[in-house]
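Single-letter residue listing:
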Amino acid sequence: MSWLDNIKQEAGHQFIEIIEWLDPSRDTLVYRFPVYNQEIKMGAQLTVRENQVALFVNQGKAADLFPPGQYTLSTMNVPILTTLFGWKYGFQSPFKAEVYFFNTRMFPDLKWGTANPVMMRDGELGMIRVRAFGSYVLRIADPKQFFATIVGTQGLTATPDILGQLRSLIVSKLSDAVAESHISALDLAASYDELAATATAKIAPEFATFGLELSKLVVENISLPPEVEAAIDQRTRLGLLGDRMQQYTQLQAADSLHAAAANPGGLSSAGVGVGAGLAMGNLMAQSLAPPLAGGAAAPPPPPGAAPPPPPPHGAIAAPRWSLAIDGKTYGPYTDDALRAMVASGQVAPSTHAWRAGAAGWAPLDSYAELGLAAPPPPPPKG
């Protein structure tokens, strides 16, 4: 063999004669065949398997597309490349081209989700932040369009990068769907299917511009921030109570006592917490009481109606008592609320209190109208 034959043989080793893609991962959307500076020999064998499409690219532009099958590359089956190159020096000359394989099968159970909470305006809760996640199914419907808009334009071939772009689009369109639906945040869990259908109608045309087909979109969960969920839970607990004003006060007192029981110092060291809980409960109870329309005074009773019975033990129903606990003021409370707190041991009879008309702060048991004074000792025997 002459030296010229050796040079030809070594040069011939640079030519690519077999082009195929064996996908071991089963989750790759696009694979770029490693041609680089090597040349493809005219007459090379191209194998395209089921659920694959091979695209030859010349200078960044999509050229010839090959569906599943086995091909011997020639000027007959690469007409676009034949036109572009011209094969000035004969049709057996090698040529340079990029080769991309596209996986056209269905890709199920792809995940999407909000990386950060999304702000939304709720008609009942106001401005809140929500998180959402779910799954979707897609396939490459138009490889040339997919190459022109995603792979070639943005230079994306890695599946995580491509899916990251799609997830951002899904979250954006789903946020629009939630806002336009005007569904309360409390009712979102019952409307996942409707939201998914609305979002799919918005997202599918966007995917089509990329050469992709969105087969299905599933909303698996839309969650609220923990503090909002805690407020909703508290509201549910209130709904189970009958008398909102008195029962809410008792609920707050019970929560404070439960916390105090776990305190090493017991109730004596948790007096501030108990008082704060009672004060908060009283204020919230007043805010929950429905006001009269327009702030008008209560209407007089109808003619002939019997007058309401007087409060028991001369008590006044309106909150009028303020308590001083550890240098802080709590209240106002009603007469009955104070008696209940003293009877349950939440407030000591010696706690200083004040009401309108009183000369100053004085112990609770010094106010005769409350009936908290201890009885005198019994008379001596005999």
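Scroll up to find the structure this text is about.
Residues numbered from 1 in each chain as written. Predicted model: local features only at pLDDT ≥ 70, side-chain atom pairs only at ≥ 80, totals over all residues. Heavy atoms only, no water.

**Some remarks on helix α10 (residues 335–343)**
Spelled out, the test is: Exposure categories follow from relative accessible area, calculated using a 1.4 Å probe and restricted to protein chains: below 20% of the type maximum is buried, above 50% is exposed, and the middle band is partly exposed. Helix numbering and strand numbering both begin at the N terminus, where a helix is a DSSP run of H or I of at least 4 residues and a strand a DSSP run of E of at least 2. Taken from the helix axis, the directions to the C-beta atoms give the arc we talk about.
Along α10, the positions that sit buried rather than exposed are D335, L338, R339, M341 and V342. When α10 is viewed along its axis, its buried side chains cluster within an angular range of 165° and face the same direction. Remark: G345 follows α10 within two positions and exhibits a positive phi of approximately 85°.

**A look at the packing of helix α4 (residues 159–181) against helix α5 (residues 192–209)**
Note the threshold: Here, axes are lines fitted to C-alpha atoms. For helices the fit covers the stretch in contact, and angles between N-to-C directions go from 0 to 180 degrees. Throughout, the term roughly parallel applies to angles under 35 degrees, roughly antiparallel to angles over 145, roughly perpendicular to angles from 65 to 115, and oblique to all others. We call a crossing left-handed when the near helix sits turned anticlockwise from the far one by less than a right angle, and right-handed when that turn is clockwise. Contact criterion: two residues are considered in contact whenever any of their non-hydrogen atoms come within 4.5 Å of each other. Following the grouping adopted for this structure description, the nonpolar residues are Ala, Val, Leu, Ile, Met, Phe, Trp, Tyr, Cys and Pro, the charged ones are Asp, Glu, Lys and Arg, and the polar ones are all others, Gly among them.
Interaxial distance between α4 and α5 falls to 9 Å at its minimum, and their mutual angle equals 135°. Compared by their axis directions, α4 and α5 come out oblique. When you trace α4 past α5, the crossing you get is right-handed. Facing α4, whose interface residues are L166, L169, I170, K173, L174, A177, V178, E180 and S181, α5 presents L195, T198, A199, K202, I203, E206 and F207. In terms of residue class, the contact of α4 with α5 is built from ten nonpolar, two polar and four charged.

**Here's the deal with the sheet that holds strand β5 (residues 61–66)**
Selection rule: We treat two strands as partners when DSSP finds at least two bridges between them.
Ordered in space as β2-β7-β4-β5, the four strands form an open sheet in which the pairing is antiparallel. For this open sheet the edge positions go to β2 (30–33) and β5, each flanked by a neighbour on one side alone. The average undirected angle you get between the axes of adjacent strands in this sheet is 30°. Here β2 runs beside strand β7 (residues 98–103); their pairing, made up of four bridges, is antiparallel. When the sheet's bridge partners are listed, R32 is paired in β7 with Y100.

**Notes on the nonpolar core**
Put simply, the test is: Within this scheme, the nonpolar core is defined by two criteria: the residues are buried Ala, Val, Leu, Ile, Met, Phe, Trp, Tyr or Cys, and they are joined through side-chain atoms within 4.5 Å.
By size, the foremost hydrophobic cluster in this structure holds 45 residues, and its most contacted members are F102, W112, Y136, L138, F146 and F207. When sequence neighbours within four positions are dropped, the list of residues in contact with W112 reads A132, F133, G134, S135, Y136, R167, I170, V171, L174, L217, V218 and V219. Ranked by size, the runner-up nonpolar core spans 22 residues in total, among them V35, I40, L73 and L81.

**Focus on the pattern of salt bridges**
Cut-off, in case you're wondering: Think of a salt bridge as a Lys or Arg side-chain nitrogen and an Asp or Glu carboxyl oxygen that are within 4 Å of each other.
This model, assessed by the stated rule, comprises twelve salt bridges. For E220, the salt bridge is made with K111, and the minimal N-O distance between the two is 3.8 Å. Of this pair, E220 sits in strand β11 (residues 212–223) while K111 sits in strand β8 (residues 107–113), placing them 109 residues apart in sequence. One salt bridge in this structure joins E206 and K173, with 3.7 Å as the shortest N-O distance. One end of the pair, E206, is in helix α5; the other, K173, is in helix α4, and 33 residues separate them in sequence. Under the relative-accessibility criterion, E206 is labelled partly exposed at 29%. Members of the salt-bridge network, linked through shared partners, are R320, D335, R355 and E369.

**What to know about the pairing of strand β9 (residues 118–122)**
Regular strands place side chains that alternate from one sheet face to the opposite one. Alignment of β9 against strand β10 (residues 126–140), held across five bridges, turns out to be antiparallel. Paired with D122 across the strands is G126, a residue of β10. In textbook terms, the turn of a hairpin is the stretch between consecutive antiparallel strands, and for β9 and β10 this stretch comprises three residues.

**Brief notes about the sheet that holds strand β13 (residues 328–333)**
One open sheet accounts for four strands, arranged β13-β12-β14-β15; its pairing is antiparallel. In this open sheet, the two strands that pair with only one neighbour each are β13 and β15 (362–363).

**Some remarks on the packing of aromatic side chains**
Spelled out, the test is: Geometry of aromatic contacts follows a simple scheme: Phe, Tyr and Trp rings, the Trp one being its six-membered ring, pair when their centres are within 6.5 Å, and the pair is stacked under 30 degrees between planes, edge-to-face over 60, tilted otherwise. Throughout this description, the term charge over a ring refers to an Arg CZ or Lys NZ atom that lies within 6 Å of the ring centre and within 35 degrees of the ring normal.
Tallied over the entire structure, the rule returns nine aromatic pairs. Judged by centre distance (6.1 Å) and plane angle (80°), the ring pair of F102 and F146 falls under edge-to-face. In this pair, F102 is assigned in strand β7 and F146 in helix α3 (residues 143–154), connecting sequence segments 44 residues apart. For the pair formed by F102 and F146, the shared burial category is buried. Members of the aromatic cluster, connected to one another through ring pairs, are W21, Y31, F33 and F101. In this structure, R105 is placed above the aromatic ring of F107, and the distance from its NZ or CZ to the ring centre is 4.3 Å.

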